[in-house]
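# What the coordinates show
Listed below are the residues making up each chain.
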Amino acid sequence: MSERIKVRIKFSKHGALKYIGHLDIMRYFQKVFRRADIDIAYTEGFSPHQVMSFAAPLGVGLESEGEYMDVELNSLVDTEDVRKRMNEHMAEGMEVLSVVVLPEKSGSAMAAVAAAGYYIAFRDDFEPPEGWREAIKEFLKADQILVEKQTKKSVLQVDLKPSIYDFRLSSYQGKKCLYLMVNASSAGNIKPAMVMEALFNKLGISFDASEMSVTREDTYRNRGTEEEPVFVPMDQ
């Protein structure tokens, strides 16, 4: 039996597909691999399934420029060939951006996730207050940014401050927005809405997540140390 080849696939997700949940995205890719005739490996046993795992499943309603999944292939002619063949069968709003071969003993995509960046814009009928730059600076000056986080068993009080790596004014697709990079590891996993709600509370204005339009800019692994992180996209 020949050695399987592990590859990491980066894809984008936009439009109506942002309302599709993670399980349906998995089923969607299973069909794409079959239709594109990709030689993907299957598990053994009575109910074999394609060997795939996702880095950090995206929440429903969010778009993304940088989603990742790892799959194992029985054979591979060329990574660009895989990208093109998959895109021939992708629905509008989904596109494979890159396919890279991973080292033989590389860890899983999910275990490698350290951070995620987000573009946060506001819908046309909502105008945020002036002075965002100053508000963010004051917000980040606090010794702690405490919020309540719901877990499966209880509600915990969490300090967001150590998990916010970048927060500033930016632009996306020619429009002004906020850029936020946060801890996205399994141990942290901070959602953009948690940070925005804390900021709005600090400003003394009501928060409504439906007024925000959130796009994940990319998903990152840490090539440095915990004390001095060096974040790079998952396909680098």
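Quick caveat, the model's predicted, so the values are computed rather than measured. (Residues numbered from 1 in each chain as written. Predicted model: local features only at pLDDT ≥ 70, side-chain atom pairs only at ≥ 80, totals over all residues. Heavy atoms only, no water.)

### A word on empty space enclosed by the protein
Taken as a whole, this structure holds two cavities of 30 Å³ or more when the rule is applied. Roughly 80 Å³ of volume is contained in the largest cavity. Forming the walls of the largest cavity are Phe11, Lys13, Ile20, Gly21, His22, Ile25, Phe54, Pro57, Leu58 and Glu67. Contributions of two or more residues to the lining of the largest cavity are made by β1 (5-13) and α1 (22-35). (1 Å grid on protein atoms, 1.4 Å probe; cavity = no way out; pocket = protein on both sides within 12 Å on 5 of 7 lines; lining within 4 Å. Points joined across faces, edges and corners; volume = space filled by probe spheres on them. Helix = DSSP H or I, 4+ residues; strand = E, 2+ residues; numbered from the N terminus.)

### Examining the packing of aromatic side chains
Taken as a whole and judged by the stated rule, the model has 13 aromatic pairs. With a centroid separation of 5.5 Å and 85 degrees between ring planes, the pair formed by Tyr28 and Phe29 is classed as edge-to-face. Geometrically, the ring pair formed by Phe200 and Phe207 is edge-to-face, given 5.5 Å between the ring centres and 80 degrees between the ring planes. The class for Phe200 is buried, based on a relative accessible area of 3%. Members of the aromatic cluster, joined through ring pairs, are Phe11, Tyr28, Phe29, Phe33 and Phe54. (Phe/Tyr/Trp six-rings, centres within 6.5 Å; stacked < 30°, edge-to-face > 60°. Buried < 20%, exposed > 50% of the residue type's maximum accessible area, 1.4 Å probe, protein only.)

### Observations concerning the environment of Phe231
For Phe231, the position within the fold is in strand β11 (residues 231-233). Given a relative accessible area of 22%, Phe231 falls into the partly exposed group.

### What to know about helix α2 (residues 79-87)
For α2, the set of buried residues is Val82, Arg83 and Met86. All buried residues of α2 fall inside an arc of 100 degrees around its axis, so they share one side. In this structure, the buried side of α2 is in contact with β1, α1 and β4 (94-101). The N-cap of α2, judged by a side-chain oxygen 3.0 Å from the amide nitrogen of Glu80 a few residues on, is Asp78. (Arc of directions from axis to C-beta. Contact = heavy atoms within 4.5 Å. Polar contact = N/O pair within 3.5 Å; in protein donor to acceptor, adjacent residues only side chain to side chain.)

### What to know about the nonpolar core
Grouped together as the largest cluster of nonpolar side chains are 34 residues, with contacts concentrated most on Leu160, Ile164, Phe167, Val195 and Met196. Listed by contribution, the elements that provide at least two residues to this core are β5 (115-122), α4 (132-141), β8 (164-172), β9 (175-183), α5 (192-203) and β10 (212-222). It is α5 that contributes the most residues to this core, six residues altogether. Setting aside residues up to four positions removed in sequence, Phe167 forms contacts with Ile136, Phe139, Leu140, Leu178, Tyr179, Leu180, Val195, Met196 and Leu199. By size, the runner-up hydrophobic cluster in this structure holds 23 residues, among which are Ile9, Phe29, Ala36 and Met90. (Core = buried A, V, L, I, M, F, W, Y, C linked by side-chain atoms within 4.5 Å.)

### Side note on the pattern of salt bridges
The full count for this structure, using the stated rule, is nine salt bridges. A salt bridge links Arg85 to Asp81; the shortest N-O distance between them is 2.7 Å. Here Asp81 and Arg85 lie together in helix α2, a separation of four residues that amounts to about one turn. On the basis of relative accessible area, Asp81 is assigned to the partly exposed category, the value being 27%. (Salt bridge = Lys/Arg side-chain N within 4 Å of Asp/Glu carboxyl O.)

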